[in-house]
Every structure is written in C-alpha cells, then in structure tokens.
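Each chain is listed here by its residues.
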Amino acid sequence: MVEPRRKTAFYFTVFIIPCVVLYILFFIAPFIKGIGISLTNWDGLTPKTPIIMEKNQFESLILSKLKKQSDRDYVLKIYSLDPEDNSYKRIALNGIERRKLERIFRRTKYEPSLNKFVGLDNYKKVFTGKVDPDFYPHIYVQQKYTATSDLPPTIAKKDFEKEVLGNCRTEKERSIIKDAYAFDSGKGLYALNPEYDSFEITTPLYDMAGADDGGTFDESLLDGLISSMDEASLAGDMNALTSAETSFISENKLGSDSAETVKRAGTALYAAGSLRNTLSKVWVVKQFNMGVTGFTIFFAIFSVVGINLLAFGLALALDTGIHGQKVMRSIFFLPNVLSMVIVALIWSLLFVQLLPAVTGVKEWISDPHKTPWLLVLVAVWQGCGYYMIVYLAGLQNIPTEIVEAAKIDGASALQRFRYITMPMILPAVTISLFLSIANALKSFDLIYAMIGPTGYATGTVPFVMDIYFDAFAQKQAGMATAKAMVLFVAIFILTGIQLFTMKRREIEA
C-alpha cells in the first residue's frame, strides 16, 4: 500500500526536517567553526575585535583604513573614547553585531597577535614533529640520582646490578660504589654502609660541642662548616676542604680530640662526595615514552581487544542457560552504570593503598611500566559489561532450529561455533568494534580522573587529554582544535575501514 503524499510530507516535516536543522546547528556549524579556529593561533581568550584599544593605535590601525563611512559610523557606535585613559572601549555585543564588526575589522586587515590566521601551520607542526616532544613516541634519558641529593639508603638488587654497576665505565667507579653498598640477602637489596651516611658522619661533630676540649664556638657554626665541607667534597677540592677544617679549628680554639673529629668528618664527607658524584654519573637509564600518540594507539588496541574478548566470553557463558543468569548479567553490567569518577576513585585506592600493602611493591599507578596496563585493565573492567549485552543479544537472536539441526547432523560444539555462531553474530561484532574503537580513541574521563597532569611523566596521556591541556592549560586553542580535527579524521578513517570490512564479511557469511 502506497502512503499518501500528504502523509509522507507530514512525516518528513515533523521528523526529518527538525533532525536536519538540529544536525546543522549542533554538528555542521560547530565543525566548520572548528576548522576556522584550527587555522589560527588563537589562545582561546583574545577576541577578533579588541575590548579596549589605545587611541592612537585604534585610529591608525582601524579608523584610518575604513573606506566606507557606514563602516566608520558603525565602529564608532560600538566603540567610544574614554578620555580618562585615552583609549577606545567596546560595548557588549550579541552574535549578529559581533560578526558584523568582525567583517568590518577584516577589511582593515587587523588581527590581534593571539588570534591571527596562520593557515596550515598548526597541522604542519603536528605532522612534522614541531609540537611538544611528549606528543610523539621518544626515548629519553632519566637520571635516577643527582649528586645534590642524599645518598639512597637502599637500592633494589636488580637496579643496582643492572643500572648502577652495569653503567660503570671504569674499575674505579665500580670499586667506589661496591665499597659503599653491601648486599642484604635477607631483604634482597643493597644497603648503604653507615660510614657513608651523612647523618652518621655529622653526628660526632654536634656531639663535639659538649666535649671538654671543644673550645668556645656556637653550635650553629657547625652548619656552615658542614655546608662548606660538603660543597668542597662534591667539587672534589681537597684544598678547600682542608682550608675549611683548619679555619674552623683555629677560630674556635679546638683541642686535639675535637680537631681530629673535624678531620675525620671531613675525610668521610669527601669519600661520600666522591660516591655521590660517581653514582649520579652512572645511574642514568634510557627510557621509552610512548607519548600521546603512542599511548593512544596502545590504549585503543589493547582495550578494544580486551573488552571485546572478555565481553564475548561472558556472553557465551551466560547464553548457556546457567543458573542465576539474570543476576550475573546485572553484576557484569553494573560497572558500566557507575560514574567514571567513582570507578577511578575505587581503582586508585586499590593501586595506591591496597596493592602496595598486599604485595610489598610500592609503585603501581606511578610506575611508567605498569600504568598503561593498569589503565587498560580498568577500562576493560568498566566497559566489557555493556558489550556483553550486545553480544548476548546477538547470540540469543540465532534461531534455535539451526543449532538443533546442526546437533542432529552431528556437528561438534567447535563446528557449531565456527559455522553458525560466528557468521550469525557478525552484526553484533561489527557494532561492538565500531563503538569500542571510537570510544577508546576518544578516552578522557577515566584516565584524567586516575592520572591527571602527571600522565606526561608516565607517558599515559591520551589524545583528547592532550587537546584539553593545550586548550585550557597552555592557552593554545588553535593548536588544540587542529589536533581535534586530526583525531576526528583518524577516527573517521579507522571506523570507516572497520565498518566496510565487517559489512563485507557479513554479506559473504
């Protein structure tokens, strides 16, 4: 039966046209505006038409270049001269007035320094490696110890043998470090010998103030002496060290015992200084940082694979008709209902408090080697319940007659899965992959709530979070929008290829 034209026109007017209008208003128009912003160096704050401008500058850059009197009159209606500070100030504008004023300013070729048209410069920087180095995968050198810090009281066996002794270039360096640290087999780590501990070295100096031959000196002077000896030790200047010792002994009229205490402390500090210099020189390791792009790809691949495999496995288990199916389905879906902030808070407590107490490993979420995997783990836990429902719906739509016929024909469980289940569940696989890929590439809230700005240190900043920091922390709205456009194109291409490929497989199946 053919629908009457009047009825068809009614449906089109009521349902289609409003959707098209809303689509244009809330997607097409902002998208086009975003393309324009990505071609500028806008900082996110500076308007195209200044709110206040010095009189001489306004007249020379704006008024003098307006050829139409109507444009000049309109500008002077919007701007008024304030004689107190000798500047022109703009009144508040609505959207139509602002756009008209921007068109007039465009004729004068005036552009604020932080809202200029730069063409494709932002895109060129993204693709030629001229943005922040943390945006790309890179190798960096991490100095695990600096000479100005106190010596580490303990070093893990693996780190000591691989990173410290393994980086020693000479036998002298190895000897200096091996003399200072002894292996504690009970704890499985290397511990600093007491004679290199700054507290143990300087304690006799402060005890010296009460000695009978301690002379007459203010105890606070010891701080200056220790600072001088420490500085000389780090510089490897024995003459400066001896001079500091001699001056303190003579000026404070120390007896022989106290003088010997000062000299022993100086010798020990000099040895500790030599150790600190050597340790800071050799304890340097090369680290790989995935950067924003690398982590985004890493997170997308492993979270998509993990979510879909686990969701499909759970759906298969629940489709067997096991007891308590409805309750288990609700339990598995529950994490998806929780707020991302709540999810992040729960798992952060586990990684920061519970796991260190249970395992004895202190660093979990702050360890660059563990953090990416932990974030993937949380994303899989939180997201698999939703896709489980999609797969379960697909499984339950498989006609039971086909399955029963295959059983009668003697098909094994593996054969039924391969030739019946997989071909008939491909539509569910297609939509699940599409949604999980898009969501993984756009991930923000979970990672931001768990990591925040410290993600740059652990190499766990996704694309969207980097865009956020560029726009609101670095005040580079133009660059941030250009990155957003690049991400949009990447998601469009990847999901388009995935949909095209999967749809073809559905037809073939």
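Before reading further, recall that the structure is shown in the block above.
Residues numbered from 1 in each chain as written. Predicted model: local features only at pLDDT ≥ 70, side-chain atom pairs only at ≥ 80, totals over all residues. Heavy atoms only, no water.

S.K.: Would you explain the overall build of the protein in this entry?
M.R.: Looking only at helices and strands, one finds 21 helices and eight strands in the protein. Computed over C-alpha atoms, the radius of gyration of the protein comes to 35 Å, more than 25% over the 23 Å expected from 2.2 N^0.38 for 509 residues, which places it beyond the range of a compact globule. Taking the principal axes of the C-alpha coordinates as reference, the protein spans close to 120 × 90 × 40 Å. Split into buried and exposed, the 509 residues of the protein put 38% on the buried side. Relative to all contacts within the protein whose residues are 6 or more apart in sequence, the contacts with residues 24 or more apart total 73%. Working note: accessible area of the protein is about 29,800 Å², and carbon and sulfur atoms make up 62% of it. One way to put it: in the protein the 52 positive side-chain charges average out to a point 18 Å from where the 50 negative ones average out. (Helix = DSSP H or I, 4+ residues; strand = E, 2+ residues; numbered from the N terminus. Rg over C-alpha atoms; globule rule 2.2 N^0.38 Å. Buried < 20%, exposed > 50% of the residue type's maximum accessible area, 1.4 Å probe, protein only. Contact = heavy atoms within 4.5 Å. Areas by Shrake-Rupley, 256 points an atom, 1.4 Å probe, with all protein chains shown as cover. Lys, Arg positive; Asp, Glu negative; His and termini not counted. Charge placed at Lys NZ, Arg CZ, Asp CG, Glu CD.)

S.K.: How should I be thinking about the nonpolar core in this particular structure?
M.R.: Across soluble globular proteins, nonpolar side chains show a tendency to be buried alongside one another. Counting 61 residues, the largest nonpolar core has Phe-299, Phe-351, Tyr-391 and Met-450 as its most contacted members. Counting residues per element, the ones that place at least two in this core are helix H12 (291–318), helix H14 (340–359), helix H15 (371–396), helix H17 (413–441), helix H18 (445–450), helix H20 (463–472) and helix H21 (477–508). Those residues within four positions of Tyr-391 in sequence are excluded, and the remaining contacts are Asn-308, Ala-311, Phe-312, Ala-315, Ile-425, Ala-428, Val-429 and Ser-432. With 37 residues, the next largest nonpolar core counts Ile-177, Met-208, Ala-232 and Leu-275 among its residues. (Core = buried A, V, L, I, M, F, W, Y, C linked by side-chain atoms within 4.5 Å.)

S.K.: It is not clear to me how the sheet that holds strand E7 (residues 189–192) should be interpreted in this structure. Could you clarify?
M.R.: Paired through their backbone hydrogen bonds, the strands of a sheet run either parallel or antiparallel. What the three strands build is an open sheet, ordered E5-E7-E6; its pairing is antiparallel. Whereas interior strands pair on both sides, the edge strands pair on one side only; in this sheet they are strand E5 (154–156) and strand E6 (181–184). Across the sheet, the mean angle separating the axes of adjacent strands is 30 degrees when strand polarity is ignored. Sheet topology places E5 next to E7; three bridges connect them, and they run antiparallel. Across the sheet, the residue bridging to Ile-155 is Tyr-190, located in E7. Running over the sheet, helix H6 (residues 157–164) touches E5, E6 and E7 and is turned about 80 degrees from E5. (Pairing = 2+ DSSP bridges. Axes fitted to C-alpha atoms, helices over the stretch in contact; angles between N-to-C directions.)

S.K.: Honestly, the sheet that holds strand E1 (residues 52–54) in this entry has me stumped. Any pointers?
M.R.: Spatially, the three strands line up as an open sheet ordered E1-E3-E2, and their pairing is antiparallel. The sheet terminates laterally at E1 and strand E2 (79–82), the two strands that pair on one side only. The mean inter-strand angle of the sheet, taken between neighbouring strand axes irrespective of direction, is 25 degrees. Note that E1 and strand E3 (residues 87–90) share three bridges and pair antiparallel. Bridging across to E3, Met-53 finds its partner in Tyr-88. Where helix H3 (residues 69–78) meets the sheet, its contacts fall on E2 and E3, and the angle it forms with E2 comes to roughly 60 degrees.

S.K.: Explanation requested: the packing of helix H9 (residues 221–235) against helix H10 (residues 238–251) in the structure shown.
M.R.: To characterise two packed helices, one gives the angle between the axes of the helices and the distance between these axes. The contact between H9 and H10 brings their axes to 8 Å, and the two run at 165 degrees. In terms of axis orientation, H9 runs roughly antiparallel to H10. Our pair here, H9 against H10, has a crossing hand that is left-handed. Between H9, through Leu-221, Leu-222, Leu-225, Ser-228, Met-229, Ala-232 and Ser-233, and H10, the contact on the second element is made entirely by Ala-240, Leu-241, Ala-244, Glu-245 and Phe-248. By residue class, the composition of the contact of H9 with H10 is nine nonpolar, two polar and one charged. (Parallel < 35°, antiparallel > 145°, perpendicular 65-115°, else oblique. Left-handed = near helix turned anticlockwise from the far one by under 90°. Nonpolar A, V, L, I, M, F, W, Y, C, P; charged D, E, K, R; others polar.)

S.K.: Any chance you could explain a positive patch on the surface here in plain terms?
M.R.: Side chains of Lys-33, Lys-48, Lys-77, Arg-98, Arg-99, Lys-100, Arg-103 and Arg-106 sit close together on the surface and give a patch of like positive charge. No other element matches helix H4 (residues 95–107), which puts five residues into the positive patch. Here Arg-98 lies in helix H4. Using a relative accessible area of 35% as the deciding quantity, one classes Arg-98 as partly exposed. (Patch = residues over 30% accessible without salt bridge, like charges linked within 9 Å, V, L, I, M, F, W, Y side chains within 5 Å. Salt bridge = Lys/Arg side-chain N within 4 Å of Asp/Glu carboxyl O.)

S.K.: When you look at the packing of aromatic side chains in this model, what are you seeing that I'm missing?
M.R.: Given two aromatic rings, one states the distance between the centres and the angle between the planes to describe the pair. In the structure shown here, the tally under the stated rule is 30 aromatic pairs. A ring pair is formed by Phe-135 and Tyr-136, whose centres lie 5.1 Å apart and whose planes are at 90 degrees; its orientation type is edge-to-face. Residue Phe-135 shares its accessibility class with Tyr-136, and that shared class is buried. Relative to Phe-472, the ring of Tyr-468 lies with its centre 5.3 Å away and its plane at 50 degrees, an arrangement referred to as tilted. Of this pair, Tyr-468 and Phe-472 both sit in helix H20, four residues apart, which is roughly one turn of that helix. Judged by relative accessible area, which is 30%, Tyr-468 ranks as partly exposed. (Phe/Tyr/Trp six-rings, centres within 6.5 Å; stacked < 30°, edge-to-face > 60°.)

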